[in-house]
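Here is what each chain is made of, one letter per residue.
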Amino acid sequence: MAIYRHAPMKADNVHFIYDPLPGQKGGFSIACAEFSVSPEQVCFIIGKNGSGKSTLIKLLGGFSVPGKGKITLNEKPLKNAHIRCLLVGVTDMLVGRLTVLDHFALGLALGGLSTGLFPRLSAAGHLRKRLGAIKGLPEDLRKEVLDLSILACSELSSGQRQLVAAVLAILVTADAIVADETAANLDAENARRLLKLLKMVAQQDKIPIVAVSHDLLLVAEFADCAYIMENGVASRLDLPTEFEKRVSFLRGKMGFD
Ligand SMILES: Nc1ncnc2c1ncn2[C@@H]1O[C@H](COP(=O)(O)OP(=O)(O)O)[C@@H](O)[C@H]1O
Ligand SMILES: [Mg+2]
């Protein structure tokens, strides 16, 4: 799908409203007047629980369709774009007896990528190639992912499962990646490894990446740009360049003392 390659992701005047939940008069709605992420950039969305971050991520990933406005990649509608969505809690759905690599092979097949007669072998081949092709990927992470990806999910800790599944998902070639709290539940070191990987993939594949995070230190370290969701309204943040100033700016925006 060459028309989407190396393209900015944009949202213009996007509105979305859920059907009301039981007991509610109106459904929760979100509004995003302007949203723009250039290729090679990692853009963060911060905001309180229930502010609408996951709803916006699903719209940007093409899971939901806005009631009004448009979301585009390279000025084209998302329809056939290959957007990799790392949604919150997906690793809870992994099947214990299968390896993460099996899930990866299944995902590739379902996504229309041919895995041939030997899905495990071709998924492993694709993965090895990508793991080898990402410049600057630390050797220990490469080895850990390869070693863990062939164990049954039930033999991994939930953190290991999340790390391996996220790394594999990030490595599947895409036109853009949207990630919802992908580093949540990981220890501080693994969360940084994952964010570093996202940054490398954004730069080397020249794709835009949007990530939701509650970890303001990670946001301050890795953000090229950021938005805040407040009661369903997305606004762009004018991030200071210096790390310490960024942290206190982000804390202030979140209403921390
Ligand atoms: N499928 C749904 N139907 C109706 N309301 C929903 C649905 N999913 C989420 N919501 C509501 O939308 C609001 C925002 O949710 P969400 O986008 O998940 O917030 P966040 O990710 O910032 O915590 C919440 O009040 C939630 O109840
Ligand atoms: Mg959420």
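Since the structure is predicted, the reported quantities are computational estimates derived from the model, not experimental observations. (Residues numbered from 1 in each chain as written. Chains lettered and ligands numbered in written order. Predicted model: local features only at pLDDT ≥ 70, side-chain atom pairs only at ≥ 80, totals over all residues.)

## Observations concerning the pairing of strand 10 (residues 233-237)
Step number 1: One ladder, built from five bridges, connects strand 9 (residues 225-230) with strand 10; its direction is antiparallel. Bridge assignment links Ala-226 to a residue of strand 10, and that residue is Leu-237. (Pairing = 2+ DSSP bridges. Helix = DSSP H or I, 4+ residues; strand = E, 2+ residues; numbered from the N terminus.)

## Here we look at the environment of Thr-99
Step number 1: Among the structural elements, Thr-99 can be located in the loop between strand 6 (83-86) and helix 2 (100-110).
Step number 2: Dropping the residues within four chain positions of it, Thr-99 is found in contact with Ser-149, Ile-150, Leu-151, Ala-152 and Cys-153. (Contact = placed C-beta atoms within 7 Å.)

## Looking at the nonpolar core
Step number 1: If you look at the biggest cluster of nonpolar residues, it comprises 74 residues, and the most contacted ones within it are Ala-176, Leu-198, Ile-209 and Val-210.
Step number 2: The leading source of residues in this core is helix 5 (residues 158-171), at nine residues.
Step number 3: Residues in contact with Ile-209, not counting those within four places in the same chain, are Val-42, Cys-43, Ala-176, Ile-177, Leu-198 and Ala-202. (Core = buried A, V, L, I, M, F, W, Y, C linked by C-beta atoms within 7 Å. Buried ≥ 20, exposed ≤ 12 C-beta atoms within 10 Å, placed from the backbone.)

## Section: the site of ligand 1
Step number 1: Surveying the vicinity of ligand 1 reveals 13 residues, the closest of which are Tyr-18, Phe-28, Lys-53, Ser-54 and Thr-55.
Step number 2: Broken down by element, the shell around ligand 1 gets its largest block of residues, three residues, from helix 1 (residues 53-60).
Step number 3: Among the residues forming the shell around ligand 1, the class breakdown is four nonpolar, eight polar and one charged. (Near = placed C-beta within 6 Å. Nonpolar A, V, L, I, M, F, W, Y, C, P; charged D, E, K, R; others polar.)

## Points about the environment of Val-145
Step number 1: Following the sequence through the fold, Val-145 ends up in helix 4 (residues 139-148).
Step number 2: Residues Val-145 and Ala-165 lie 20 residues apart in sequence; the distance between their C-alpha atoms is 8.9 Å.
Step number 3: Beyond its immediate sequence surroundings of up to four residues, Val-145 is in contact with Leu-131, Val-164 and Val-167.

## Some thoughts on helix 6 (residues 188-205)
Step number 1: Its 18 residues give helix 6 an end-to-end C-alpha distance of 26 Å, which sits within 8% of 26 Å, the value for a rise of 1.5 Å per residue.
Step number 2: Looking at the buried residues of helix 6, the elements they touch are strand 3 (42-47), helix 4, helix 5, strand 7 (176-180), strand 8 (209-212) and helix 7 (216-222).
Step number 3: Once helix 6 ends, the next one or two residues include Lys-206, with phi positive near 55°. (Expected span 1.5 Å × (residues − 1).)

## A look at helix 1
Step number 1: Of all eight residues in helix 1, six are buried; the element is thus mostly enclosed.
Step number 2: Every buried residue of helix 1 is listed here: Lys-53, Thr-55, Leu-56, Ile-57, Leu-59 and Leu-60.
Step number 3: Once helix 1 ends, the next one or two residues include Gly-62, with phi positive near 85°.

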